[in-house]
Amino acid sequence: MPNSTIGLAAAFFTVLVWTISTFSFAHASRMTHPGTVNRIRLLFAVIILTVIVCLMGSVWPWQLLQSVQSDALLYFGVSGLIGFTIGDTLFFTAFKILGSRRASIFTCVAPAAALLAGIPMLHESLSATGIVGMLISMSGILMLSLSRKEQQEVHSEGHGVFWAGVVYALLGAVCQGVGIVLSRKGFAAAGSGLNAVHAAWIRIFVGTTSAYLVSVRSTPPLRELSEAIANTTLFRKLLSGTLLGPVLGVSASLLAVQYIEASIAQTILATTPVTVTVVSALAYKEPISRLSAFAVALSLAGVIILVWRDSLL
């Protein structure tokens, strides 16, 4: 099978599993504190990925960090800290306030954030076409944010202040974009000897460790874990979301970045808000206004222009 086919298949698979996991984590975030959701799903993910990577490489767990170059460890580690510890906690808070459909739209900001971070770190360039793409994408998000109907619906749901959710979602998307850039730097430093699953394990291992170090004084880990397991519905949501999101989704997304151009991968991954919106309407009977649908389409169009800016020129 050609490498490009593997990369494309991995990217589309990522969209599929991220779409499903979005609803799992959104529901879980409304059942307990978003920080709890993030920590427990990272803990589940690092345990599952440790077993997988050790079996794949025929190594012991304590050898997983020894076999990776120090520069690559640094980049993947900081990527995990920014993307998982900080970014996903912000995003789960946005899920709690805005719901899965509204919050997912803000992931369109991630490619723009990745590009802006990539200018100094990866020596990428931003043309006038790229600026137009970013402005179009942001206009779609701004359109959704200024919708009185969306604001009223969030207010009536009673999970938090609408604009606070917007800020959390935007900051979470920026962290995602920066995390992707750092992961690319990690792959460049590691060379060809590091596979995507091992790279995902490094990111999640550091993200899990830092998440628990930050919260250990305020929230006893064992009590938090036991309470989550005791709640059958919450546990099921967390486990299914973990398997689909951090385990399968993150690994597949890094596999996609390895085998196809980053711009193509970003374009495919950026369609996640569209699939989430469609599932919200079909499976959860959530009414989608024309303005919301147009905002999603506009944001996605801006992302496509942004990542394909050189070809368009």
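Residues numbered from 1 in each chain as written. Predicted model: local features only at pLDDT ≥ 70, side-chain atom pairs only at ≥ 80, totals over all residues. Heavy atoms only, no water.

Caption draft 1: Broad picture of the overall build of the protein. Along the backbone of the protein there are 15 helices and zero strands. In summary, the protein has a C-alpha radius of gyration of 19 Å against a globular reference of 20 Å for 313 residues, a match within 12%. Taken along its principal axes, the extent of the C-alpha atoms in the protein is 55 × 55 × 35 Å. Here the protein holds 313 residues, and the buried ones make up 50% of them. On the protein, roughly 13,900 Å² of surface is accessible, and the fraction owed to carbon and sulfur atoms is 69%. Taking the average place of the 18 positive charges on the side chains of the protein and the average place of its 11 negative ones, the gap between the two points comes to 6 Å. (Helix = DSSP H or I, 4+ residues; strand = E, 2+ residues; numbered from the N terminus. Rg over C-alpha atoms; globule rule 2.2 N^0.38 Å. Buried < 20%, exposed > 50% of the residue type's maximum accessible area, 1.4 Å probe, protein only. Areas by Shrake-Rupley, 256 points an atom, 1.4 Å probe, with all protein chains shown as cover. Lys, Arg positive; Asp, Glu negative; His and termini not counted. Charge placed at Lys NZ, Arg CZ, Asp CG, Glu CD.)

Caption draft 2: Region of interest: the packing of aromatic side chains. This model, assessed by the stated rule, comprises nine aromatic pairs. When the ring of Phe 23 is compared with that of Tyr 284, the centres are 4.9 Å apart and the planes differ by 20 degrees; the resulting orientation is stacked. With Phe 23 in helix 1 (residues 3–29) and Tyr 284 in the loop between helix 13 (272–282) and helix 14 (290–307), this pair connects stretches of sequence that are 261 residues apart. When the centroid spacing of 5.8 Å and the interplanar angle of 85 degrees are considered together, the rings of Phe 44 and Phe 235 count as edge-to-face. Linking Phe 44 in helix 2 (residues 34–57) with Phe 235 in helix 11 (residues 232–259), this pair joins segments that are 191 residues apart in sequence. The exposure class assigned to Phe 44 is buried, which follows from its relative accessible area of 12%. For Phe 235, a relative accessible area of 28% puts it in the partly exposed group. Through a chain of ring-to-ring contacts, three or more aromatic side chains come together here, namely Phe 25, Phe 91, Phe 92 and Phe 95. The lysine or arginine in question, Arg 41, covers the ring of Phe 25, its NZ or CZ lying 5.6 Å from the ring centre. (Phe/Tyr/Trp six-rings, centres within 6.5 Å; stacked < 30°, edge-to-face > 60°. Lys NZ or Arg CZ within 6 Å of the ring centre and 35° of its normal.)

Caption draft 3: Geometry of helix 13. Within helix 13, burial applies to Thr 272, Pro 273, Val 276, Thr 277 and Ser 280. Seen end-on, helix 13 carries its buried residues on one side only, within an arc spanning 135 degrees. (Arc of directions from axis to C-beta.)

Caption draft 4: Up close: the pattern of salt bridges. The final tally for this structure, using the stated rule, is eight salt bridges. With a closest N to O distance of 3.2 Å, Arg 30 and Glu 157 form a salt bridge. With Arg 30 in the loop between helix 1 and helix 2 and Glu 157 in helix 7 (residues 148–157), the pair connects residues that are 127 residues apart, well separated along the chain. We classify Glu 157 as partly exposed; its relative accessible area is 33%. The shortest N-O distance in the salt bridge between Glu 150 and Arg 102 comes to 2.6 Å. In this pair, Glu 150 sits in helix 7 while Arg 102 sits in helix 4 (residues 100–105), placing the two residues 48 residues apart along the sequence. We note that Glu 150, like Arg 102, is buried. (Salt bridge = Lys/Arg side-chain N within 4 Å of Asp/Glu carboxyl O.)

Caption draft 5: Expanded view of the nonpolar core. Judged by nonpolar contacts, the single largest core of 35 residues is most densely connected at Ile 40, Leu 98, Phe 106 and Leu 238. If we skip the residues at most four places from it in the chain, Phe 106 touches Phe 91, Leu 98, Ile 141, Leu 144, Ser 145, Val 166, Ala 169, Leu 170 and Ala 173. (Core = buried A, V, L, I, M, F, W, Y, C linked by side-chain atoms within 4.5 Å. Contact = heavy atoms within 4.5 Å.)

Caption draft 6: Broad picture of the environment of Glu 153. Mapped onto the secondary structure, Glu 153 falls in helix 7. With 104 residues separating them in the primary sequence, Glu 153 and Leu 49 have C-alpha atoms 39 Å apart.

Caption draft 7: Structural context of the packing of helix 5 (residues 109–121) against helix 8 (residues 162–190). For the pair helix 5 and helix 8, the least separation of the axes is 7 Å and the interaxial angle reads 45 degrees. Of the possible angle classes, the one that applies to helix 5 and helix 8 is oblique. As helix 5 runs across helix 8, the sense of the crossing is right-handed. Between helix 5 and helix 8, the contacting residues are Val 109, Ala 110, Ala 113, Ala 114, Ala 117, Gly 118 and Met 121 on the first element and Leu 170, Ala 173, Val 174, Gln 176, Gly 177, Val 178, Val 181, Leu 182 and Lys 185 on the second. Here the residues of the contact of helix 5 with helix 8 sort into twelve nonpolar, three polar and one charged. (Axes fitted to C-alpha atoms, helices over the stretch in contact; angles between N-to-C directions. Parallel < 35°, antiparallel > 145°, perpendicular 65-115°, else oblique. Left-handed = near helix turned anticlockwise from the far one by under 90°. Nonpolar A, V, L, I, M, F, W, Y, C, P; charged D, E, K, R; others polar.)

Caption draft 8: How the structure looks around unusual backbone geometry. We note that Ser 58 has phi near 55 degrees; this positive angle belongs to a residue other than glycine. Here Ser 58 shows up in the loop between helix 2 and helix 3 (70–98). Even without being glycine, Lys 285 reaches a positive phi, approximately 55 degrees. With respect to the helices and strands, the residue Lys 285 is situated in the loop between helix 13 and helix 14. Judged by relative accessible area, which is 65%, Lys 285 ranks as exposed.

Caption draft 9: Just a nonpolar patch on the surface, in detail. On the surface, a nonpolar cluster with roughly 340 Å² of combined accessible area is contributed by Phe 13, Leu 16, Ile 20 and Leu 248. Turning to its location among the elements, Leu 248 is positioned in helix 11. Residue classification places Leu 248 among the partly exposed positions, given a relative accessible area of 37%. (Patch = residues over 30% accessible without salt bridge, like charges linked within 9 Å, V, L, I, M, F, W, Y side chains within 5 Å.)

Caption draft 10: A look at the side chain of His 198. Within the secondary structure, His 198 sits in helix 9 (residues 196–215). The class for His 198 is buried, based on a relative accessible area of 9%. Not counting residues within four places of it along the chain, the set of residues in contact with His 198 comprises Val 53, Leu 64, Ser 67 and Val 68.

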